[in-house]
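If you want the building blocks of each chain, they are given just below.
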Amino acid sequence: MACSGEESMRLWFLIPLLLCFPTLIRSEDYSDVTIVVRGAETIASTSNEFICATIDWWPPEKCNYDQCPWGQASILNLDLTNPLLAKAIQAFSPLRIRLGGSLQDQVVYGTPNLGSPCTPFSKSSSGLFGFSQGCITMERWDAINKIFMDTGAVVTFGLNALQGRQQMGRGVWGGAWNSSNAREFMEYTVSMNYPIDSWEFGNELSGSGIGASVGAEQYGKDIIELKNIISQLYGNSRKPLVVAPGGFYDQKWYAQLLDISGPNVLDAITHHIYNLGAGNDPQVANRILNPQYLSQSSDTFRDLQMTIQRHGPWSAPWVGEAGGAYNSGSRKVSNTFLNSFWYLDQLGQSAKYDTKVYCRQTLIGGNYGLLDTETFVPNPDYYRQVFLYFALPQSCFTTLYTFCTKPRYMFSALLWHRLMGKGVISLDTSGSSYLRAYVHCGKQKGGVALLMLNLNKNMGFMVSVRNDLNINFREMAGIKRDNSFVHGLKRTVSWVGSKASDGLEKREEYHLTPQDGNPFARTVLLNGAPLQLTGDGDIPSLPPVMVSVNSPIYVAPLSIAFVVFPDFEAEGCER
């Protein structure tokens, strides 16, 4: 059957893509999608260190579901001299690291006046989470700060918020916080000029708590004390942020915390998200590919944003810990390509609700680490964030799909950090809910950066991206009139305009797919080439595809695409 002129043009656009990346298009099953970017204004913003990863306290004896996936990944025993660790941190340039976790409120600090031996955690049936109190020596603290200063990490440290309290009932703790040990630890940190960006107070003690809970009124009073300690210790120098409570969101508890602590005390309010269920739940993989399930997280982000606006507008929302599946993650999913859909979707959703920081559990440790616990080699989710360049074969060069004629190596670069700027932009889409899309202001080259996640196993999407300044309603004739996409356009598009173009503008495309099309693969392909460490252990450099800006974007089934439009006219990004 002969193709129409429009269909012929579309297929002609795909020929170079098939030659260079044959795994991206496997069938003729695709659906046309239009994305309209509302670039007139930004709807939210992130911080420069939006991407964050955690390092936890769990010792090797931490086990779940007949497995013990933590190994030597604790703050107390992690091999800080492993060169792959330093290179992985440096590649984010910078990476925020949050030190904390479940055992945080059982940690004491080996200062001169501790009054007891400084020993690590050990198994204990009477302790929280089955472990005794643990201690970090000042020698270990020195070593941790050395690698962080050498790699330019931005550090958030979680303090023990149970010190001095008594257990009043099952899981409920009362009494005031004893700050003496923490204060000595902070005094030492200040004396050594260790650049702590923020001090976080407590871990998962909010609401009904996980293992232990503290009432919001007492918690608020203790945060005021922490703020005063920081003011005294840091004097006229730059003062670290005060962050809390590092727990699961409970609207009433969080609102009361902000009311009690009062204006300009709590700089950031943190919450944790494990929305995929237990690590051994057989439905984890299905939930990742269910757009309706993924969207449920927006309720939490939205509600927290509203609580802050009403009770503490001086504070900012952070995700202090998010691992997808709880209890160390899923050993079948969390370290595979499939998990990247959950992770990147969480970044996109949270950013829309003004989240400033999103801390991934973990940098290393458990099944959800960005780095393999034993080898320190990056897992797939790490590469969702690394953006680098590589020279492609000459056979892939065409007049339409133009690649860099010379290899450009840009180490120390993070894909989200490099491409997705702080400004968040809204969009409308005519397509399936299985195509998730997020738009930010471009980070370095101006314009906008678009992230697309295709959750469909069988259907690809042919995407046309339009500026709401340039859209014409006659182009929307094929879309149902009751579609919210059309209603949105009617509300927001008041005139049609177009930026002058000579037809030579290009966009950058970064297509991420799993090796052999297996969503559970641990090797990732960027534009068809596998991501692997170099012989020297460096993060590899790989290129974008340079494409005519007017051609459609093909997003293959179960694939991820970042697309940068450096010449996109977005007035909201220019303010």
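Residues numbered from 1 in each chain as written. Predicted model: local features only at pLDDT ≥ 70, side-chain atom pairs only at ≥ 80, totals over all residues. Heavy atoms only, no water.

Going by an unreviewed UniProt entry, the chain carries the name Heparanase-like protein 1 and comes from Oryza glumipatula. Regarding the chain, the UniProt comment filed under Sequence similarities (unreviewed entry) reads as follows: "Belongs to the glycosyl hydrolase 79 family." Under Function (unreviewed entry), UniProt gives the following word-for-word description of the chain: "Endoglycosidase which is a cell surface and extracellular matrix-degrading enzyme. Cleaves heparan sulfate proteoglycans (HSPGs) into heparan sulfate side chains and core proteoglycans." (UniProt positions renumbered as here; feature names shortened; annotations may be inferred.)

Q: Provide a residue-level description of the packing of aromatic side chains, including the pertinent values.
A: In this structure the tally under the stated criterion is 22 aromatic pairs. Centroid distance Trp-57 to Phe-157: 6.4 Å. Interplanar angle 90°. Geometry classified as edge-to-face. With Trp-57 in the loop between β3 (51-55) and α2 (83-90) and Phe-157 in strand β7 (residues 154-159), the pair connects residues that are 100 residues apart, well separated along the chain. Counting every residue linked through ring pairs, the aromatic cluster contains Trp-57, Tyr-109, Phe-121, Trp-141, Phe-157, Phe-185 and Trp-199. The side chain of Arg-360 reaches across the aromatic face of Tyr-343, ending 4.8 Å from its centre. (Phe/Tyr/Trp six-rings, centres within 6.5 Å; stacked < 30°, edge-to-face > 60°. Helix = DSSP H or I, 4+ residues; strand = E, 2+ residues; numbered from the N terminus. Lys NZ or Arg CZ within 6 Å of the ring centre and 35° of its normal.)

Q: Go over the packing of helix α6 (residues 251-261) against helix α9 (residues 297-311) with me, naming the residues and quoting the values.
A: Where α6 contacts α9, the two axes come as close as 10 Å, and the packing angle between them is 30°. With respect to α9, the axis of α6 lies roughly parallel. Handedness of the crossing formed by α6 with α9: right-handed. Of the residues in α9, those touching α6 at Gln-251, Tyr-254, Ala-255, Leu-258 and Asp-259 are Asp-303, Leu-304, Thr-307, Ile-308 and His-311. By residue class, the composition of the contact of α6 with α9 is five nonpolar, three polar and two charged. (Axes fitted to C-alpha atoms, helices over the stretch in contact; angles between N-to-C directions. Parallel < 35°, antiparallel > 145°, perpendicular 65-115°, else oblique. Left-handed = near helix turned anticlockwise from the far one by under 90°. Contact = heavy atoms within 4.5 Å. Nonpolar A, V, L, I, M, F, W, Y, C, P; charged D, E, K, R; others polar.)

Q: Run through the pairing of strand β28 (residues 559-565), naming residues and quoting values.
A: In terms of burial, β28 is largely enclosed, as seven of its seven residues are buried. Here β28 shows two buried faces, one formed by Ser-559, Ala-561, Val-563 and Phe-565 and the other by Ile-560, Phe-562 and Val-564. Taken together, the seven bridges between strand β21 (residues 448-454) and β28 define a ladder with antiparallel strand orientation. Across the sheet, the residue bridging to Ala-449 is Val-564, located in β28. As paired elements, strand β23 (residues 506-514) and β28 share five bridges and run antiparallel to each other. Each bridged residue has a counterpart across the sheet, and for His-511 the counterpart in β28 is Ala-561. (Buried < 20%, exposed > 50% of the residue type's maximum accessible area, 1.4 Å probe, protein only. Pairing = 2+ DSSP bridges.)

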